[in-house]
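Listed below are the residues making up each chain.
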Amino acid sequence: MDSNNRNDSGHTYDSGQRDHSGYRNDTGQPPQSEPQRQYYYMARLRAYVEEKGRELGRPLTASIQTFGCQMNARDSEKLAGILREAGYEQIDSEEADFVLYNTCTVRENANQKVYGRLGTLNHWKKDHPHMMIALCGCMMQEPEVVEKIRKSYRFVDILFGTHNIFKLAELMVSRIEAEDMIVDIWKDTDLVVEDLPNRRKYPFKSGINIMFGCNNFCSYCIVPYVRGRERSREPGDILNEIKRMAADGVTEVMLLGQNVNSYGKTLDTPMTFAALLREIEKIEGLKRIRFMTSHPKDLSDELIEVMGSSDKICKHLHLPLQSGSTRVLKEMNRRYTKEQYLDLVERIRAGVPDISLTTDIIVGFPGETEEDFLETMDVVRKVRYDSAFTFLYSKRTGTPAAAMPEQVPEQVAKERFDRLLKEVQEISREVTARHQGTVQKVLVEEINHQDASLVTGRLSHNTVVHLPGDSSMIGRIIEVKLTECRGFYYLGEPV
Ligand code: SAH
Ligand code: SF4
Ligand code: F3S
């Protein structure tokens, strides 16, 4: 899931709150309440951006580089909205006046990429002293990382974490006024700041947070430590945001949370995820609803029923397995058995015929034996996923699994990984081809990257389809005959 998160130009702008006059006050002091305080700082930052732009004889540019999951991609849209409000022109290239890395730390390799890119950026900054570099996201919630950057990457200007991204403008103003690196990392928060601007990557589809954080503490996973405790947004706030998006041309939403199936449990007036979906379904103009991620332990029959009877909820469910061995699942603290998972899959297939199932699997968890691994292979063969993200276990400092004895030797894990990948891909080819020759609805998303005479879109099942077309089709749902399956994607013809 580390792909598809690039943030680039061609965004749609949505200024969250309509009336921003609240940031002005007679004392010249920043307002204390949010979001007014941030609009005050965005205005101050804009004054700087305009002045600097006049000095340089060109507009100031900003570049956001996003690593990791959909959560980070969505956070980057919010950060882009703030920068746009402050007058920055957003560009892809890191040769910009302001560069922001929104980092991920779920596996060690995600981490390493950032240090490499920072090294390169240092050279650029030496020739452009007014440039600012900021780091935010999950890596910054790890004290060792912050220490390392403070010591060895002194040229970085601002560090902030996952809980205070709404403060970007305030932090940038502080940096402009101070001599030193600004570090503002919160351990956790129960604050959810609504009504800030954001800038969507696609005009017609958007992610939307329905909850933040995670309370599951799977023993290998660092996310609960870097994203804090689980908190759900109020249903009214979610519905209003989606209504605003729909009025602004959004036809597909992706509801985001680390475990959407436990949505609403801690609200003052508790509400189930299925009930929230029923409400979202009623929003006019909205055509497709997706969500991720579903934890198998919390997936209810009510949800299966809502999915089965809905025209808008997509025929796709991402249901992370992690391991097929009940013994390993217990060590992972996943709180379901192999049999419970398989039984759940059966119930989903019965309630939502023709649904696409995808998953995440970790290979080489501490203590995983060949026998355990074969249990995973067995589930893969039984479920027959449309696709699966496979990961080599990565030791994350501070998680219970990092301290477990019997870490699996790298060679053994790699060998299992290759076997699993081969199996997953073979099955995926066969399963994806099941729609060959049928006519399906495709939401056209973009011009094909390789061949400009083609456009690329997705089925409700999330399968990618390439077909002849042009930019006038982008954002539209059209009927397409799926003429040829090429492994993981289709070639099609509009009908
Ligand atoms: N909340 C989601 C997953 C978020 S992380 C869920 O529970 O499904 C995305 C995926 O990264 C996980 O599903 C898991 O397969 C993988 N992952 C998490 N920690 C990992 C680690 N330490 N090593 C390897 N893969 C890991
Ligand atoms: Fe990590 Fe588990 Fe939470 Fe997913 S549910 S984010 S894997 S702790
Ligand atoms: Fe990575 Fe943070 Fe997402 S660690 S996977 S960006 S929640």
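Scoring rules and cut-offs
- Residues numbered from 1 in each chain as written.
- Chains lettered and ligands numbered in written order.
- Predicted model: local features only at pLDDT ≥ 70, side-chain atom pairs only at ≥ 80, totals over all residues.
- Heavy atoms only, no water.
- Near = heavy atom within 4 Å.
- Polar contact = N/O pair within 3.5 Å; in protein donor to acceptor, adjacent residues only side chain to side chain.
- 1 Å grid on protein atoms, 1.4 Å probe; cavity = no way out; pocket = protein on both sides within 12 Å on 5 of 7 lines; lining within 4 Å.
- Sits in = over half its atoms within 2 Å of the grid points.
- Helix = DSSP H or I, 4+ residues; strand = E, 2+ residues; numbered from the N terminus.
- Core = buried A, V, L, I, M, F, W, Y, C linked by side-chain atoms within 4.5 Å.
- Buried < 20%, exposed > 50% of the residue type's maximum accessible area, 1.4 Å probe, protein only.
- Contact = heavy atoms within 4.5 Å.
- UniProt positions renumbered as here; feature names shortened; annotations may be inferred.
- Nonpolar A, V, L, I, M, F, W, Y, C, P; charged D, E, K, R; others polar.

Peer 1: Explain the site of ligand 1 here, please?
Peer 2: Around ligand 1, a shell composed of 15 residues is seen, among which Q258, P320, Q322, D360 and S394 lie nearest. The side chain of Q322 places a nitrogen or oxygen atom 2.7 Å from an oxygen atom of ligand 1. For ligand 1, an oxygen atom lies 2.7 Å from a polar atom in the side chain of D360. At a threshold of 2 Å from the grid points, most atoms of ligand 1 map onto the largest cavity. Within the residue set of the shell around ligand 1, elements represented by two or more residues are β15 (356-363) and β16 (387-392).

Peer 1: Would you mind going over the nonpolar core with me for this structure?
Peer 2: Across soluble globular proteins, you tend to see nonpolar side chains buried next to one another. Within the largest apolar cluster, 69 residues are counted, with the highest numbers of intra-cluster contacts made by L255, F273 and F291. Discounting chain neighbours no more than four positions away, the residues touching F273 are I210, L255, V260, N261, Y263, F291 and L303. If you look at the next biggest cluster of nonpolar residues, it comprises 31 residues, including Y39, M42, L60 and L100.

Peer 1: What exactly am I supposed to notice about the UniProt feature "binding site: [4Fe-4S] cluster 1" (unreviewed entry) in the protein here?
Peer 2: Under the feature "binding site: [4Fe-4S] cluster 1" (unreviewed entry), the UniProt entry names C69, C104 and C138. Look at the named residues: they lie 70 residues apart in sequence, but the longest C-alpha span between them is just 10.5 Å, so in the fold they bunch up. The subset of these annotated residues that lines the largest cavity comprises C69, C104 and C138. Locating C138 in the fold gives a position in the loop between β5 (132-137) and α4 (143-152). When near neighbours in sequence (up to four residues on either side) are disregarded, C138 contacts N72, T103, C104, T105, T162, V226 and R227.

Peer 1: Quick question: what am I supposed to make of the site of ligand 3 here?
Peer 2: The environment of ligand 3 is formed by C69, N72, C104, T105, V106, C138, R227 and Q258. Put simply, ligand 3 lies in the largest cavity. Across the shell around ligand 3, the residue classes break down as four nonpolar, three polar and one charged.

Peer 1: What is the right way to read the side chain of N216 from this model?
Peer 2: When you line up the elements, N216 lands in the loop between β10 (211-212) and α6 (223-227). Assessed through its relative accessible area of 5%, N216 is described here as buried. A polar contact of 3.0 Å, which involves the side chain of N216, links it to the side chain of K297. Discounting residues that sit within four places of it in the chain, N216 has contacts with N259, H295, K297, N333 and R335.

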